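# Results of the structural survey
So you can see what is in the structure, the chains are spelled out below.
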Amino acid sequence: MKTAFATRRTLLLAAAGLVLAAAPLRADDDDQEIARRALMEGRIQSLSKITEMVKPHLPGKILGVELEVEDDGRIVYEFDVIDSSGRLWEVEVDAATGKILKIEDDD
């Protein structure tokens, strides 16, 4: 019989998977499957959690998010952001830690 903790953990993992699955990601099917597995294994954070962490540090409004698996296996979220002057930015965020890796002008 499952303990209350195990049941709660299972429900939280399932909910986290749904958040990732429902997120507006643009990724290859392979990348999405790798990310789904990494999320379920606790190796990366959900898009909603990462967004909550980095939003205060972004230079504007989020237009979209892309999920990528780098050649070295690191999983990153790439946020497309527009600032108040209309300038486009690409913000690369480590999906495991929420650390902003790079902010670059996308124009």
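Note: the structure precedes this text.
To start, this report covers the structure provided alongside it. Here the structure is a predicted model, which means the values were calculated and not measured. (Residues numbered from 1 in each chain as written. Predicted model: local features only at pLDDT ≥ 70, side-chain atom pairs only at ≥ 80, totals over all residues. Heavy atoms only, no water.)

### Examining the environment of Gly60
Secondary-structure assignment places Gly60 in the loop between α3 (47-54) and β1 (61-69). Along the backbone, Gly60 and Ser84 are 24 residues apart, and their C-alpha atoms lie at a distance of 6.5 Å. When residues no more than four places from it in sequence are discounted, the contact partners of Gly60 are Val81, Ile82 and Asp83. (Helix = DSSP H or I, 4+ residues; strand = E, 2+ residues; numbered from the N terminus. Contact = heavy atoms within 4.5 Å.)

### Here we look at the sheet that holds strand β2 (residues 75-82)
Spatially, the 4 strands line up as an open sheet ordered β1-β2-β3-β4, and their pairing is antiparallel. The two strands at the open ends of the sheet, each matched to only one other strand, are β1 and β4 (100-105). Across this sheet, the average inter-strand angle for adjacent strands is 20°, counted without regard to direction. Pairing of strand β3 (residues 88-94) with β4 involves 5 bridges; the strand directions are antiparallel. Note on β4: the bridge partner recorded for Glu92 is Lys102. Sitting on the sheet, α3 is in contact with β1, β2, β3 and β4, with an inclination near 55° to β2. (Pairing = 2+ DSSP bridges. Axes fitted to C-alpha atoms, helices over the stretch in contact; angles between N-to-C directions.)

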